[in-house]
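Per-entry structural report
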Amino acid sequence: HGYLILAVLACAKYNPQVSLGLLYRLAFHPLAKDPGPLLAACTDWYTVYWIANGSRHLELHKQHKKHEKHVRFGPNHVSINSGAASRDLHDVNANTFKSTAYSSFKRFFGAEMSLTTVDHKAHAFRRRVNMSALTPAAVKSLQKCVTPHVDFLIEKIDRSIGFNKTVWGPGQDMGHTRDEKNRHFVHDLPKGVAGIHLVGHMQWLFLFNMHKVLFNELIVGVSQLMALGRSFANNRLEDGKKGIASGDIWEALLASRDPKTGRAFTSEELTSEASLFIIGGTDGMITATTSMLFYLLHCQHTLDRLVHDLREAFPPTVEKDRPCPIRFACPELQRITWLFACIDEAMRIRPPVPSILPCRVGPGGILVDGEFFPEGTDLGIPHYSLHRSADIFADPLAYKPGRWVTTSQNECNGEKSGVCLRAGVGSAPSFTPFGAGRSSCIGKDFAYKEVSYILACLIWLFDMKLDQNDVTDEGLRTGPEGRERKDEFQLYDRFVGEQSGPMVQFRLRQDFC
């Protein structure tokens, strides 16, 4: 940083306030010792640019490959790429709070949601109420809500194949499979979340509505997400007043009470939680499902084993109206370890939240993986980089579901650093697709059951292959780092994930023809 410091000093007489601020950040700030890009040490514009670009996870990964464990990615922000740091930061008793970056959610929605609530007691209340709506029994009862959507998908694919079920149908975009009139919700959701997240890192952009001028496409996505959340919440509140039952998560949420206090959500809190459920329940499921399809179709022997396991576990039935015997959340499906190993391996390579869930250090500071960080520092774990660490995972760029399979309950699977991975658990210090600690996803069990059900039904009923005429979901071979590998499903980091495809061709399984 020496030459830049000299340049700053040379400019001090023209703008001393800015120059002194930059000098402090570069030379005297508590994080001045931490490596990272010079621009990031000077300004949060570095982070804002990469969020808008959609490649923040790739930029952080590039910086971690260069600087190893610690990367200063903002004047007051540090990314720490280690399993030990993940364990320390995600400890439920860690001296951390939600980062102030999350406060932009309230600026847009007018109320906090569970994801953004800074106060630990308020967050605990919201979490308890949400969890009471997602008990194992409540998740299992959602079969009547999930099944019609999967049936719709199956019917859509079946119609696309046509009369001759022995031939391959046209490619289907598995990232957008519902009615066209609803597809813009899926398309706009990541951009809306990115807009909120971007402004959170530089909240002075709210002044004079500069965020609308500089990042109009993302801010339009925010408005659409807000409108969707409020419309959904208002409609369902009215249904509740009229006694109209739906049997879904929202109905359970309306009836939920804090087990400790008996308190329920207010109307404003319900509206904000609706947006959270839409984000978490839509994007994460799409990311996990499309990622697994992509990697299975690039790894034929892995797919062949899964086809065998599923079709052997569920022999054909004589039911004419529903030939697939697999049921949502059925015990037989939960026992197919290879299915959950394939899901976990896809989420390892391509986590639903690719970069960082920032937290702010509380009074007195915190010791993380042997290094002290003072109060007010924003810290985070780069999920994309952590899941690809060669120090933790053997052959980290390869899709190997076998790393998740053990021969006994007490056996480790031979991964590096003594890491024990078990399929379908969804969390370990070095594997955090659902977050961890106070910010862990309360819908993890539902997500596993939903994704496993969708994929199992498709694989049981159909043969499938990649559409070679449309490979936009693959790397470009000659693209920038992270965009060049043909066998890597291309992800755009909008805080949540954004993707296109994969394009998949189907035909009816041939023993049914």
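These remarks concern the structure in this document. All values reported here derive from a predicted model rather than from experimental measurement. (Residues numbered from 1 in each chain as written. Predicted model: local features only at pLDDT ≥ 70, side-chain atom pairs only at ≥ 80, totals over all residues. Heavy atoms only, no water.)

1. Considerations on the sheet that holds strand β8 (residues 378-380)
Under the convention used in this document: Criterion used throughout: strands pair if DSSP finds at least two bridges between them. Counting from the N terminus, the helices are the DSSP runs of H or I reaching at least four residues and the strands are the DSSP runs of E reaching at least two. Only the stretch in contact is used when fitting a helix axis, every axis being a line fitted to C-alpha atoms; angles between N-to-C directions are given from 0 to 180 degrees.
The sheet built from five strands is open, its strands ordered β1-β2-β8-β5-β3 with mixed pairing. Each edge of the sheet is formed by a strand with only one pairing partner; in this case those strands are β1 (70-74) and β3 (96-98). When strand polarity is set aside, the average angle formed by the axes of neighbouring strands in this sheet is 35°. Pairing analysis gives two bridges linking strand β5 (residues 359-361) to β8, with the strands arranged antiparallel. Counterpart to R360 in the pairing with β8 is D378.

2. Quick word on the layout of surface pockets
The gaps left among the atoms become clear once a water-sized probe is rolled over them. Worth spelling out the cut-off: Cavity: a set of points on a 1 Å grid over the protein atoms alone where a 1.4 Å probe fits but cannot get out. Pocket: an open set with protein on both sides within 12 Å along at least five of seven lines, its lining residues, like those of a cavity, having an atom within 4 Å of a point. Grid points are joined across faces, edges and corners, and a volume is the space filled by probe spheres set on the points. When residues are grouped by polarity, Ala, Val, Leu, Ile, Met, Phe, Trp, Tyr, Cys and Pro land in nonpolar, Asp, Glu, Lys and Arg in charged, and all others, Gly among them, in polar.
For the second largest pocket, the calculated volume is near 570 Å³. When residues of the lining of the second largest pocket are assigned to their parent elements, the largest contribution, five residues, is made by helix α5 (residues 56-67). Here the lining of the second largest pocket is composed, by residue class, of seven nonpolar, eight polar and eleven charged.

3. Observations regarding helix α8 (residues 120-132)
Selection rule: A helix is expected to span 1.5 Å multiplied by its residue count minus one. Between buried and exposed lies partly exposed: a residue is buried under 20% and exposed over 50% of the maximum accessible area for its type, with that area taken using a 1.4 Å probe on protein chains only. This arc is built from the directions going out from the helix axis to the C-beta atoms. Here a residue-residue contact requires only that any non-hydrogen atoms of the pair lie within 4.5 Å. Whenever two N or O atoms come within 3.5 Å, that pair is a polar contact, provided that in protein one can donate a hydrogen and the other can accept it, and provided that, for residues adjacent in sequence, both atoms are side-chain atoms.
With 13 residues, α8 should cover 18 Å at 1.5 Å per step; its first-to-last C-alpha distance of 18 Å lies within 8% of that length. Within the sequence span of α8, burial applies to H123, F125, R126, V129 and N130. The buried residues of α8 occupy one face: seen down the axis, they fall within an arc of 160°. Considering only its buried residues, α8 is in contact with β3, α14 (249-255) and α15 (267-297). N-cap assignment for α8: the residue whose side-chain oxygen lies 3.1 Å from the backbone N of K121 is D119.

4. Structural notes on empty space enclosed by the protein
With the rule as written, the count across this model stands at three cavities of 30 Å³ or more. Counted as a void, the largest cavity has a volume near 280 Å³. Elements with a minimum of two residues in the lining of the largest cavity: β3 and α8. With three residues, the top contributor of residues to the lining of the largest cavity is β3.

5. A few points about the packing of aromatic side chains
Each pair of aromatic rings is reported with the distance of its centres and the angle of its planes. The condition that has to hold: Classification of ring pairs rests on two measures: the distance between centres of Phe, Tyr or Trp rings, Trp counted by its six-membered ring, which must be within 6.5 Å, and the angle between planes, read as stacked under 30 degrees, edge-to-face over 60 and tilted in between. Whether a charge sits over a ring depends on NZ of Lys or CZ of Arg being within 6 Å of the ring centre and within 35 degrees of the ring normal.
Summed over the entire model, instances satisfying the criterion amount to eleven aromatic pairs. For the ring pair W460 and F512, a centre distance of 5.5 Å and an interplane angle of 70° mean the geometry is edge-to-face. Pair noted here: W460 is in helix α20 (residues 444-461) and F512 is in the segment after β12 (503-508), with a separation of 52 residues, a long-range link. Judged by its relative accessible area of 0%, W460 falls in the buried class. According to the relative accessible area criterion, F512 is partly exposed, its value standing at 30%. Relative to F506, the ring of F462 has its centre 5.6 Å away and its plane inclined at 70°; by these criteria the two rings are edge-to-face. Of this pair, F462 sits in strand β9 (residues 462-466) while F506 sits in strand β12, and the two are 44 residues apart along the sequence. Among the aromatic residues, those joined into a cluster by ring pairs are F294, Y295, Y399 and F489. The ring of F393 carries R348 above its face, with NZ or CZ at 5.1 Å from the centroid. Residue placement shows R509 over the ring face of W460; its charged tip is 4.6 Å from the ring centre.

6. Side note on the sheet that holds strand β4 (residues 172-173)
In spatial order, the strands read β4-β12-β9; together these three strands make up an open sheet with antiparallel pairing. Because the sheet does not close on itself, it has two edges, and the strands there are β4 and β9. The pairing of β9 with β12 spans five bridges and is antiparallel. In the sheet register, K465 faces β12, and the bridge partner there is Q505. Its contacts with the sheet place α20 against β9 and β12, and it is angled at close to 100° to β9.

7. Quick notes on the state of the cysteines
Cysteine pairs can be covalently joined through their sulfur atoms, and such a bond is termed a disulfide. Here is the rule: In what follows, a disulfide is any cysteine sulfur pair within 2.5 Å.
For the structure on display, the rule yields zero disulfides. Take C299: it sits in no disulfide, and the sulfur closest to it among the cysteines is that of C342, at 8.3 Å. For C299, a relative accessible area of 11% corresponds to the buried category.

8. Looking at the side chain of E345
Checked against the element boundaries, E345 lands in helix α18 (residues 337-349). Taking relative accessible area as the criterion, E345 reaches 0% and is therefore assigned buried. For E345, the side chain forms a polar contact with the side chain of R348, separated by 2.9 Å.

9. Considering the packing of helix α16 (residues 300-313) against α20
Here is the rule we go by: Between 65 and 115 degrees an angle is taken as roughly perpendicular, under 35 as roughly parallel, over 145 as roughly antiparallel, and anywhere else as oblique.
α20 packs onto α16 with a crossing angle of 90° between their chain directions and a minimal axis gap of 9 Å. Accordingly, the angle class assigned to the pair α16 and α20 is roughly perpendicular. Contacts between α16 and α20 pair L303, L306, V307, L310 and R311 from the former with A456, I459 and W460 from the latter.

10. Brief notes about the side chain of H64
Structurally, H64 can be placed in helix α5. A polar contact is formed between the side chain of H64 and the backbone oxygen of K69, at a distance of 3.3 Å. The contacts of H64, once residues within four sequence positions are left out, are K69, H70, V71, S79, I80, N81, P382 and S385.

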